[in-house]
Amino acid sequence: MEAIEQARQQYYLDDAPTLSDAQYDTYYAELLALEGAYPLLVTSDSPTQTVGGARSEMFEPVAHLERMLSLDDVFDEAEFDAWVARVVKELGEFPTMIAEPKVDGLAVDLVYAEGTLRTCATRGDGRVGEDVTFNTSYIDSIPRTLAQPIPLLEVRGEIYFNLRQFNDLNDEVMAAGRSPFANPRNAAAGTLRQRIDRRQVELREVRAAAGAAPSARQQARIERLLAEQARATGALARLHFVSHGLGAHEGLTVATLSEAFDLLDGLGLPVSSEAAVVTSPEQVRAYIDDLGQRRRSLPHEIDGVVVKVDQIALQRRFGATSRTPRWAVAYKYPPEVVRTRLRSIEVNVGRTGRVTPFAIMEPVRVAGSTVTMATLHNPGEVARKGVLIGDTVLLRKAGDVIPEVIGPVVEARDGSERPFQMPTLCPVCRTPLGPEREGDADIRCPNARGCPAQVRERLHHVGTRAAMDIEGLGEKAAQALLDCALVTNEGDLFGVTEDDLLRCPFFTRAGRAGTAPQLTANAVALLAQLTQARTRPLSRVLVALSIRHVGPTAATALARAFGSLTAVRAATHAELAAVDGVGEVIAEAIVEWFAEPWRAAIAQRWLDCGVTAQEEQADAGLSQHLAGLTFVLTGTLPGFTRESAAEAVTARGGKVTGSVSKRTNWVVAGDNPGSKYDRAVALGVPVLDAAGFRALLAPDPTPPPAALPG
């Protein structure tokens, strides 16, 4: 309990926690279990019975008109289902609910009288918070006057930073030699809880004392105060506000929280555009899954989803405990920011020669997986972030994104840390390293042709899904092809034969007694995949060649414009740059790539080995009847791979995205579609099966294929 109280002090008052969210949640769960087993141990001041946070002495107290409570957290589907079961048991059915993102910010309480802002206060202990009204005058999204003069309106909401502005603030903090904020909530709290009014008073006093002719010392103090004031107000101006609930109110009548959101929006108080009314547990789960997949595309950080009973009368019926409402719950996603120790910094050589520093860390669990390595991007980033080998660091991982070191915890240093030195020679081929051009942030190994690391990475890249999709060509298989001298680079790949593979132990297994070694199942699959890959469309071939800056989007545009690899090779810089989606930089990279004889030889060798390198759709005159339509693919579609289905859509002008939203036109659902299907049903998005999808691919389908029943 002492550890939890100390963590609360650091989190709510100091805005500088030393305990991670995951550690806090673990301690809190242990305390709940202990109190559940021994009820006599429960006291009124236990963290399980009180709202986290208290009022500091820096600000004047403000009593909330209605209590401002915390939320109970659930961390998986089983815990969420248990909460739903309690709700259904109370009501006899699942009520209409509202789901919204749990914005990672600072909870505040706004009070308007006759439509004019009177106070803005932090949550504090739930009954009394801190008066930060003065500072809100710098936050544009908190209106000083509402669109209507409501007699009394108490609004609950969150003050937060957008991710871009949070990252900018952390850059400034680290540039000043301080630890970065661990999350946007701490940054928002630290920014809002500044005594700017006191700085203004001090500045006026200094100027009054200095008079018309301040001394050098007085002038220096004035300039320092002005600089501090500018930094503080500038940070405040980056903050945003979003409403998520009502407290006390007079002069208005609303029956549901969703109605209240519409009302607040009309009054000029921002509400989340992601909030949605849900009518079943399945719709809630679909919402949670979808938002979890899209969370990194949101402009602000979220750490979960808040689910609330929509009807206000039912909220009152459910009531609340001493610290939480019974009619709401927060579904928490796995933590994305943790602390760990940076053991060492090493470098990796990529397929384009880029030499990237990466951190080796003490294993730590973050966002559902154990992480031991994280990117540091380039030497400039290592210096900018100020990380030292041996540091305690903040680590971030979002979904499937590579883990990234945010910055060091400066206060945890003991003097044993040491700086990282970028190598001057390639760690693999010993070629001198350096930027490709003056001013480049990236350091590269220029030995593109002979560096074993680059050759291996390029060879492996040919088999990736975005390129030629050769399932048997993993990292180990690529290394084996090189070790056994079956290929010298990726250009030899499509010339590999069965006899070649039989000469390499990696691809063989012992035959029966007295018989020759035989190919493994993986080797047989590799040969079959190579045969199929020879007919891949031009767009995939262009990606597979590892031309700098040419990813799937640019490759598709080039393939549609030129139709064949020969035509791309013969195109001038101006012709390439003129293609929509290509431009000057990519055009220059393509021209430079084909100008290298050994690289051009790779492309020619593929053609000689039967790689067609044609864009079938370029000459097929396909109708562009899907132009302007957005699709989401989910499940296993008979007759299609995920990639071929996406190509079929884009070849007809459509767009494929990874998540379902109100802007999605069609969801194509195969076998075992999962949560995206549920999300589509919840939002009323039309759903197609494989047969309907094929019908839609036909030009001018008449009538349009029927959607599956929701």
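For the structure itself, look to the data block above.
None of the values given here were measured: they were computed from a predicted structure.

Topic: the packing of helix α13 (residues 452-462) against helix α14 (residues 475-483)
Phase 1: Interaxial distance between α13 and α14 falls to 9 Å at its minimum, and their mutual angle equals 125°. With respect to each other, α13 and α14 are oriented oblique. For the element pair α13 and α14, the recorded crossing hand is right-handed. Packed against α13, whose contacting residues are Val455, Arg456, Leu459 and His460, the element α14 presents Glu475, Ala478, Gln479, Leu481 and Leu482 at the interface.
Phase 2: Among the residues making up the contact of α13 with α14, the classes are represented as five nonpolar, two polar and two charged.

Brief notes about the pairing of strand β4 (residues 106-113)
Phase 1: The element β4 is largely enclosed, with a buried count of seven among its eight residues.
Phase 2: In the sheet, β4 pairs with strand β7 (residues 152-161) via eight bridges, with the strands oriented antiparallel. For tyrosine 112, the partnering residue across the bridge sits in β7 and is leucine 153.
Phase 3: Connecting β4 to the next strand, strand β5 (residues 116-122), in antiparallel fashion are two residues, including glutamate 114 with a positive phi near 55°.

Here's the deal with helix α6 (residues 184-192)
Phase 1: Of all nine residues in α6, eight are buried, a share of seventy percent or more.
Phase 2: Of all the positions in α6, only Pro184, Arg185, Asn186, Ala187, Ala188, Ala189, Thr191 and Leu192 are classed as buried.
Phase 3: Residue asparagine 183 occupies the N-cap position of α6, its side-chain oxygen lying 3.2 Å from the main-chain nitrogen of arginine 185.

So, the packing of helix α3 (residues 77-91) against helix α10 (residues 281-294)
Phase 1: Between α3 and α10, the least distance of the axes is 12 Å, while the angle of their chain directions is 145°. At the point where α3 passes α10, the crossing takes the right-handed sense. From α3, Glu77, Phe80, Asp81 and Val84 reach across to α10, where they touch Pro281, Val284 and Arg285.
Phase 2: In terms of residue class, the contact of α3 with α10 is made up of four nonpolar, no polar and three charged.

Focus on the state of the cysteines
Phase 1: Overall, the coordinates contain one disulfide when judged by the stated rule.
Phase 2: The side chain of cysteine 484 participates in a disulfide bridge whose partner is cysteine 504; the two sulfur atoms lie 2.3 Å from each other. In this structure, the disulfide formed by cysteine 484 and cysteine 504 twists by about 60° around the S-S bond and is classed as right-handed. Of this pair, cysteine 484 sits in the loop between α14 and α15 (498-502) while cysteine 504 sits in the loop between α15 and β18 (508-509); the two residues are 20 residues apart in sequence, bridging distant segments of the chain.
Phase 3: The structure places no disulfide on cysteine 445, whose sulfur is separated from the nearest cysteine sulfur, that of cysteine 429, by 3.6 Å.

What to know about unusual backbone geometry
Phase 1: Residue arginine 430 is not a glycine yet carries a positive backbone phi of 65°.
Phase 2: Here arginine 430 lies in the loop between β16 (404-408) and β17 (443-444).
Phase 3: Phi is positive for serine 546, close to 60°, though the residue is something other than glycine.
Phase 4: Examined against the element boundaries, serine 546 turns out to sit in the loop between α17 (538-544) and α18 (552-562).
Phase 5: A relative accessible area of 8% places serine 546 in the buried class.

Comments concerning the environment of valine 337
Phase 1: Tracing the backbone shows valine 337 in strand β12 (residues 337-349).
Phase 2: Taking the C-alpha atoms as reference points, valine 337 and arginine 396, 59 residues apart in sequence, are found 4.5 Å from one another.
Phase 3: For valine 337, the contacting residues outside a window of four places in its chain are Ala182, Val366, Leu395, Arg396 and Ile406.

Considerations on the pattern of salt bridges
It is possible for side chains bearing opposite charge to pair when their charged atoms get close.
Phase 1: Considering all chains together, one arrives at 29 salt bridges under this definition.
Phase 2: Of the charged contacts, one joins arginine 156 and glutamate 154 as a salt bridge, the two residues approaching to 3.4 Å between their closest N and O atoms.
Phase 3: A salt bridge links arginine 285 to glutamate 282; its shortest N-O distance comes to 3.9 Å. Residue arginine 285 and its partner glutamate 282 are located together in helix α10, separated by three residues, close to a single helical turn.

Calculation criteria
- Residues numbered from 1 in each chain as written.
- Predicted model: local features only at pLDDT ≥ 70, side-chain atom pairs only at ≥ 80, totals over all residues.
- Heavy atoms only, no water.
- Axes fitted to C-alpha atoms, helices over the stretch in contact; angles between N-to-C directions.
- Helix = DSSP H or I, 4+ residues; strand = E, 2+ residues; numbered from the N terminus.
- Parallel < 35°, antiparallel > 145°, perpendicular 65-115°, else oblique.
- Left-handed = near helix turned anticlockwise from the far one by under 90°.
- Contact = heavy atoms within 4.5 Å.
- Nonpolar A, V, L, I, M, F, W, Y, C, P; charged D, E, K, R; others polar.
- Buried < 20%, exposed > 50% of the residue type's maximum accessible area, 1.4 Å probe, protein only.
- Pairing = 2+ DSSP bridges.
- Polar contact = N/O pair within 3.5 Å; in protein donor to acceptor, adjacent residues only side chain to side chain.
- Disulfide = S-S within 2.5 Å.
- Salt bridge = Lys/Arg side-chain N within 4 Å of Asp/Glu carboxyl O.

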